[in-house]
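# A structural walkthrough
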Amino acid sequence: MARHIIQQANEAPDGRRTAPAALRNAAPLIEALRHRLPAEGRVLEVASGTGQHATAFAEAFPALDWVPSDVDPGQRESIAAWRRESGLQNFAEPLALDIAAPWPVTNGFAQAVLTVNLLHLVPDTFVSRLFENARETLSDNGRVIVYGPFLRGFDYASEGDRSFDVSLRARDPAIGYKSVEAVSELAVEAGFTPVANDSMPANNLLLSFAIP
Ligand SMILES: C[S@@+](CC[C@H](N)C(=O)[O-])C[C@H]1O[C@@H](n2cnc3c(N)ncnc32)[C@H](O)[C@@H]1O
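The text that follows walks through the structure, step by step, so that each part is easy to find. (Residues numbered from 1 in each chain as written. Predicted model: local features only at pLDDT ≥ 70, side-chain atom pairs only at ≥ 80, totals over all residues. Heavy atoms only, no water.)

What follows covers the environment of Ala32. You can see Ala32 is positioned in helix α1 (residues 20-33). Counting along the chain gives 10 residues from Ala32 to Ala22, while the straight-line C-alpha distance between them is 15 Å. Among residues more than four places away in sequence, those in contact with Ala32 are Met200 and Leu206. (Helix = DSSP H or I, 4+ residues; strand = E, 2+ residues; numbered from the N terminus. Contact = heavy atoms within 4.5 Å.)

To continue, consider the packing of aromatic side chains. To describe a pair of aromatic rings, you give the distance between the ring centres and the angle between the ring planes. Enumeration over the complete set of coordinates arrives at 5 aromatic pairs. By way of ring pairs, the aromatic residues Phe131, Phe192 and Phe209 are connected into one cluster. In this structure, Arg16 is placed above the aromatic ring of Trp82, and the distance from its NZ or CZ to the ring centre is 4.9 Å. One residue, Arg42, lies across the ring of Phe109, its end atom 4.2 Å from the ring centre. (Phe/Tyr/Trp six-rings, centres within 6.5 Å; stacked < 30°, edge-to-face > 60°. Lys NZ or Arg CZ within 6 Å of the ring centre and 35° of its normal.)

The subject of this paragraph is the environment of Glu85. If you trace the backbone, Glu85 turns up in helix α3 (residues 73-86). Since its relative accessible area comes to 47%, Glu85 is described here as partly exposed. In the structure, Glu85 is positioned 58 residues away from Ala27 in sequence and 20 Å away in space, judged by C-alpha atoms. Not counting residues up to four positions away in its chain, the partners in contact with Glu85 are Asp14 and Arg16. (Buried < 20%, exposed > 50% of the residue type's maximum accessible area, 1.4 Å probe, protein only.)

Our focus in this paragraph is the pairing of strand β8 (residues 138-148). Extensive coverage of β8 is indicated by the burial of 8 of its 11 residues. Here strand β7 (residues 110-116) pairs with β8 via 6 bridges, running parallel. Paired with Ala110 across the bridge in β8 is Leu138. Following the backbone out of β7, through helix α4 (residues 124-137) and into the adjacent parallel β8, one traces a crossover that is right-handed. In this structure, β8 lies alongside strand β10 (residues 205-210), joined through 6 bridges in antiparallel fashion. Bridging across to β10, Arg143 finds its partner in Ala210. (Pairing = 2+ DSSP bridges. Right-handed = clockwise from strand over helix to strand, strands pointing away.)

Here we take up the pairing of β10. Of all 6 residues in β10, 6 are buried; the element is thus mostly enclosed. Alternating positions in β10 separate into two faces, Leu205, Leu207 and Phe209 on one and Leu206, Ser208 and Ala210 on the other, with burial throughout. Looking at chain direction, strand β9 (residues 193-199) and β10 are connected through 6 bridges and run antiparallel. If you follow Ser199 over to β10, its bridge partner there is Leu205. Linking β9 to β10, which pair antiparallel, is a turn of 5 residues; within it Ala202 sits at a positive phi near 60°.

Before going further, it helps to spend a moment on unusual backbone geometry. The phi dihedral of Asn117 falls on the positive side, at around 55°, and the residue is not glycine. The residue Asn117 is located in the loop between β7 and α4 in this model. According to the relative accessible area criterion, Asn117 is partly exposed, its value standing at 26%. Phi is positive for Asn141, close to 65°, though the residue is something other than glycine. Checked against the element boundaries, Asn141 lands in strand β8. Overall, the relative accessible area of 58% leaves Asn141 in the exposed class.

In structure tokens form, the structure reads like this:
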């Protein structure tokens, strides 16, 4: 079953949604991803949301083919609207993809799988499925990259993180912040090796895992 929380967003007449968080973190993400994405190949972005990131990333990385996706049909319409408006040739139509279900792609489809601000919104079992599905989707030497807020052990990075996590768990006790250690363990169980842990603005982290 897909459970999803849609971010706050405004919608333009042509269907493009705009979320403030995606506007804020696109530039620092691009700088960090320059060191973590492959030089060329295909990136499957999971839970692309409005499509603002996919647009910015496809523009910033012209040698990569960017394939966005989301479980939510309304988000996919917004991604498609951003794609049309961008005119970018390396920006594919969004896929209907639920991290917890089988993915609509062939084995070896992508060289990287990226997800931004998703893991704290889903249960632990979904995170396991993300890594298992990513392992099947990636080619040799592929990598999976996850960005968002995380616990460090049992500790919050800030009081703001603590209150956000409490509010998420009040909404659904199965979701909430995961620790770096727990996420890394699930990645290792699925066959990945941790390769980098980049500090990002607002106490967020960009965690990268590779197929050994
Ligand atoms: C907070 S938004 C983040 C969107 C985008 N990555 C960003 O940072 O702007 C979370 C997104 O995850 C999607 N989502 C939630 N559960 C999902 C699932 N099980 N599989 C795929 N996407 C999911 C939602 O539809 C939503 O677009």
